[in-house]
Amino acid sequence: MTDLISGVKSHCIRMELEEKTPDPKYGESRKFDPSFKGPIQNRGCTDVLCCILFVVALLGYFAVGIIAWSQGDPRKVIYPTDSKGQFCGQAGTPLEKRPLLFYFNILKCASPLVLLEFQCPTTQLCVESCPTKHLTLLKAMFKKEDQDYYRQFCKDEVDFSKSAVEILRDGLCPSMIMPSKAFTRRCLPALGTMKGGVVVVGNETTFDNGEGDSVNATELLEASKKSNVVVEARQVAMRIFEDYTESWHWILLGLVIAMVVSLVFIVLLRYLAGIMVWVMIVLVILVIGYGIFHCYMEFASLSGEPGSDVTIRDLGLQTDFSVYLQIRQTWLAFMIILAIVEVVIILLLIFLRKRVLIAIALIKEASRAVGHVMSSLFYPLLTFALLAVVIAYWAITAVFLSTSNEQVYKVFNTSVCEYSRETCDPKTFNTSNISAQCPDAECLFAFYGGETLYHKYLILFQFYNVFLFFWCANFVTALGQVTLAGAFASYYWAFKKPNDIPNFPIFSSLGRALRYHTGSLAFGSLILSLVQVIRVILEYLDHKLKGAQNKFAKFLLSCLKCCFWCLEKFIKFLNRNAYIMVAIYGKSFCSSARDAFFLLMRNIVRVAVLDKVTDFLLFLGKLLIVGIVGICSFFFFSGRIKAVEDTAPSLNYYWVPILTVVVGSYLIAHGFFSVYAMCVDTLFLCFLEDLERNDGSAERPYFMSQNLLSILNKSNEDTKTVE
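From a predicted model like this one, the values you see are computed outputs, not experimental measurements.

J.: Just checking my understanding: could you explain the overall build of the protein chain for this structure?
T.: Scanning the protein chain from N- to C-terminus turns up 24 helices and 12 strands. For the protein chain, the proportion of its 723 residues judged to be buried stands at 47%. The long-range share in the protein chain, meaning contacts at least 24 apart out of those at least 6 apart in sequence, stands at 72%. Within the structure as shown, the protein chain displays about 36900 Å² of accessible surface, and the carbon and sulfur contribution to it stands at 64%.

Here's what the structure looks like:
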């Protein structure tokens, strides 16, 4: 009975692998070549022109970085800037002990101009501390004690021997100060709310502004909101930063655990591929099932709780994201999403159950290859390191470019003035015609910009930085793919394994890639980078057109985004297979891409049967590792585990380290499984070529393993089959 079942399975598998006669329009099948023994050693440089272009582009990239580093100043991002363009609280400057920014008239921050120029049209001063009481300049003139307190919120050149009118006319002091609190290094009114929703500042609802008028606390609230357009976003960012400072060592521990789990999984896959794949499938279903159960329990526990029936739409955007976990709709949404994922996975496994058996056989073969080329498991570390360098260089250059603008000063005034909002020079402003014609006008720092040749082309430098980032990142990825493909191809085309496998296959393949095929890697990554940059531009346009009413433009943009997304996926697939052919035959990128595409099209059924199902199984492996580490981190950081409840850090948002660990775990698992995926793709192309080149005779024996030979019901006439 067992033999009968095995025979039926083998027959089904063979039926799945049977291929029709190839279409001649996709080229002729590979011919037998007795001298071919794997990756060709005698090869020449390919795509030299693109190699030269890539080197020139890199030199230009370094030049842009040097220019940006010489012109930029990251302090503009860190420190607030006063009306003279000086940094508050910067070490080694006269303002070192004045870290906070004080607004002379916070009400002017309620002007719509703030939303356009991101700068309040009022004098801004660096101070040591924010005011703690309400006081007008007129009242301060009568007491020496009040004058000394008021002086810290005035310009250094103030002289209290003058009258209050003269001081206000010269813009040396604010007309009043009020209780304030430091927020994002800015002094904003200490707003509160009494019963009934009445807005107060220091238990007072109105203030004397020092000019004979009263100011309502509600007006101060509006001004405070607009004094910092991104105040809520910065608040969230600060809390997230605090959470990272509290939990970074636990995050690193979680990532190390993810790395260990991934490595153990890969090692087990090497020896127990068939069992591990089925265990992986079952565990993925169980992990997602537990997620559904947990969401249901949370959903049920909130039944009848006050406020739990509020919808997410009614709740709106909240800076405290834990609020969303207190409403039932959130857990219902999580439960529905996980249930859909669970159903999709189960249905795919049911319909692909026969092809899963074939994919397991290919994974077993990949496990043997990885076992004989163990150094391939550590190659992703080099890829991670190179990508980290690329990302760091891009980020640092972007920061320096964005902060390389000069200080721009503009005329701010309260009355009608023809020079309003024009550029001015604070050093010569008091002696210019503008101050004479507009007595109340001031020359204040407005924003960072510039009108030099460098500043005119600054946006092009930013674009060049983004484009080279994509190009370099794709080049690093391509280098890894070619290196691994060359090593695994050496394994496949070794007739007697492991005796015929060359020494140090990873280093040999890496050397060939850098010496001969830098141009081909640059060519393939350039094509992909162009598509990715176009996608970034489309996303930018989509963001800008969100408020537009033109339905046709939105529809056209959505179609373009969809088309370029599909194009990017296709180019990635084509590049990956082209790099395998480059690693084996040493041809140019275009020739390799054509050969790979035609080979796949001649075997399109096998591509659908083997390659994609194997990718799906490897994806389940990544999902399993992420699920295990994610669930453990959830219970730890949320304090659900009583044994380590006191050890867990106190956080504003416990989802911050959880998401970081989950994303990091996926990247780590992807790094390890990418070796397997590249091994499967390489062995698959070699397997297709083996079937076309050879027929199993003594003169033309197959190079595939005995396991694959038995699945295909093929054999070599020679008794010495491949181990």
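J.: Would you explain the confidence of the model for the protein chain in this entry?
T.: Low pLDDT means the predicted coordinates in that region are not meant to be read closely. Averaged over all residues, the pLDDT of the protein chain is 77; the fraction at 70 or higher stands at 77%. Within the model, the stretch residues 223-231 combines pLDDT values under 50 with 25 contacts to residues more than four positions away or in other chains. Note that residues 719-723 has pLDDT below 50 and, in this model, 14 contacts with residues that lie over four places away or in other chains.

J.: Help me understand the environment of A273 in this model?
T.: Counting through the fold element by element, A273 comes out in helix α10 (residues 273-301). Looking at A273, the relative accessible area reads 6%, which means it is buried. Considering only alpha carbons, one finds A273 and E365, 92 residues apart in sequence, at a separation of 9.1 Å.

J.: When you look at the side chain of E568 in this model, what are you seeing that I'm missing?
T.: Checked against the element boundaries, E568 lands in helix α20 (residues 551-585). Residue classification places E568 among the buried positions, given a relative accessible area of 7%. Excluding residues within four positions of it along the chain, E568 makes contact with L528, V531, Q532 and R535.

J.: I keep staring at the packing of aromatic side chains and nothing clicks. Help me out?
T.: The geometry of two aromatic rings is summed up by the distance between their centres and the angle between their planes. Applying the stated criterion to the full structure yields 24 aromatic pairs. Within the aromatic cluster, the residues linked to one another by ring pairs are Y61, F62, W69, Y393 and Y464. Directly above the aromatic system of Y149 lies the positively charged group of K133, at a separation of 4.6 Å from the ring centroid. Positioned above the aromatic ring of F299, the side-chain terminus of R328 is 4.0 Å from the ring centre.

J.: Which parts of the structure should I look at to understand unusual backbone geometry?
T.: Across the chain, the bulk of peptide bonds are trans and the bulk of non-glycine residues have phi less than zero. Positioned with a positive phi, D47 is a non-glycine residue whose angle comes to about 50°. Relative to the helices and strands, D47 is located in the loop between α1 (2-17) and α2 (48-71). Positive phi outside glycine occurs at F504, with the angle close to 50°. Looking at where F504 falls in the secondary structure, it is placed in the loop between α17 (458-492) and α18 (505-516). Here F504 falls in the exposed class, since its relative accessible area comes to 58%.

J.: Looking at this model, I keep getting lost on the packing of α10 against helix α12 (residues 328-351). Mind explaining?
T.: Axis separation between α10 and α12 bottoms out at 8 Å; the angle between their running directions is 160°. Relative to α12, the element α10 is oriented roughly antiparallel. At the point where α10 passes α12, the crossing takes the left-handed sense. Residues I281, V284, I285, I288, G289, G291, I292, H294, C295, Y296, E298 and F299 of α10 pack against R328, W331, L332, F334, M335, L338, A339, V341, E342, I345, I346 and L349 of α12.

J.: Mind showing me how you'd approach the state of the cysteines here?
T.: A covalent bond between the sulfur atoms of two cysteines is referred to as a disulfide. Applying the stated criterion to the full structure yields 3 disulfides. A sulfur-sulfur separation of 1.9 Å characterises the disulfide bridge that pairs C88 with C126. Taking the sign of the S-S torsion, about -75° here, the bridge from C88 to C126 comes out left-handed. Residue C88 is found in the loop between α3 (75-78) and β1 (100-103), and its partner C126 is found in strand β2 (residues 124-127); the two are separated by 38 residues along the sequence. Overall, the relative accessible area of 2% leaves C126 in the buried class. Two residues share a disulfide in this structure: C130 and C187, whose sulfurs sit 2.1 Å from each other. Taking the torsion about the sulfur-sulfur bond, which here is approximately -85°, the covalent link between C130 and C187 counts as left-handed.

J.: Would you explain α17 in this entry?
T.: Side chains of residues three or four places apart in an α-helix project in the same direction, reflecting 3.6 residues per turn. Given a rise of 1.5 Å per residue, 35 residues ought to cover 51 Å, and the 51 Å separating the end C-alpha atoms of α17 matches this to within 8%. With 27 of its 35 residues buried, α17 lies for the most part within the structure.

J.: Explain the pattern of salt bridges here, please?
T.: Oppositely charged side chains are able to pair whenever their charged atoms sit close together. This structure, assessed with the given rule, holds 10 salt bridges. Where R98 meets D156, a salt bridge forms, and the shortest distance between an N and an O atom there is 3.5 Å. You can see R98 sitting in the loop between α3 and β1 and its partner D156 sitting in the loop between α6 (144-151) and α7 (164-169), a full 58 residues away along the chain. A residue is classified by how much of its surface remains accessible, and D156, at 61% relative accessible area, is exposed. A salt bridge links E365 to R368; its shortest N-O distance comes to 3.1 Å. Of this pair, E365 and R368 both sit in helix α13 (residues 353-372), 3 residues apart, which is roughly one turn of the helix. If you follow the salt bridges from partner to partner, you end up with R535, E568 and K572 in one network.

J.: What am I meant to see in empty space enclosed by the protein here?
T.: Any empty space left between atoms is shown by rolling a water-sized probe over those atoms. Considering all chains together, one arrives at 1 cavity of 30 Å³ or more under this definition. The space that makes up the largest cavity amounts to roughly 30 Å³. Forming the boundary of the largest cavity are M259, L377, P380, L381, F384, I668 and F672. Ranked by residue count, the leading element in the lining of the largest cavity is helix α14 (residues 379-402), at 3 residues. Class assignment for the residues of the lining of the largest cavity results in 7 nonpolar, no polar and no charged.

J.: Would you mind showing me how to read the packing of α20 against helix α21 (residues 589-602) here?
T.: Angle between the axes and distance between the axes: these two values describe a pair of packed helices. With their axes 8 Å apart at the nearest point, α20 and α21 run at an angle of 105° to one another. Classified by the angle their axes make, α20 and α21 are roughly perpendicular. Contact residues: α20 offers F570, F573, L574, N575, N577, A578, Y579, M581 and V582, while α21 offers F589, S592, A593, D595, A596, F597 and L600. By residue class, the composition of the contact of α20 with α21 is 12 nonpolar, 3 polar and 1 charged.

Calculation rules
Residues numbered from 1 in each chain as written. Predicted model: local features only at pLDDT ≥ 70, side-chain atom pairs only at ≥ 80, totals over all residues. Heavy atoms only, no water. Helix = DSSP H or I, 4+ residues; strand = E, 2+ residues; numbered from the N terminus. Buried < 20%, exposed > 50% of the residue type's maximum accessible area, 1.4 Å probe, protein only. Contact = heavy atoms within 4.5 Å. Areas by Shrake-Rupley, 256 points an atom, 1.4 Å probe, with all protein chains shown as cover. pLDDT = per-residue confidence, 0-100. Phe/Tyr/Trp six-rings, centres within 6.5 Å; stacked < 30°, edge-to-face > 60°. Lys NZ or Arg CZ within 6 Å of the ring centre and 35° of its normal. Axes fitted to C-alpha atoms, helices over the stretch in contact; angles between N-to-C directions. Parallel < 35°, antiparallel > 145°, perpendicular 65-115°, else oblique. Left-handed = near helix turned anticlockwise from the far one by under 90°. Disulfide = S-S within 2.5 Å. Expected span 1.5 Å × (residues − 1). Salt bridge = Lys/Arg side-chain N within 4 Å of Asp/Glu carboxyl O. 1 Å grid on protein atoms, 1.4 Å probe; cavity = no way out; pocket = protein on both sides within 12 Å on 5 of 7 lines; lining within 4 Å. Points joined across faces, edges and corners; volume = space filled by probe spheres on them. Nonpolar A, V, L, I, M, F, W, Y, C, P; charged D, E, K, R; others polar.

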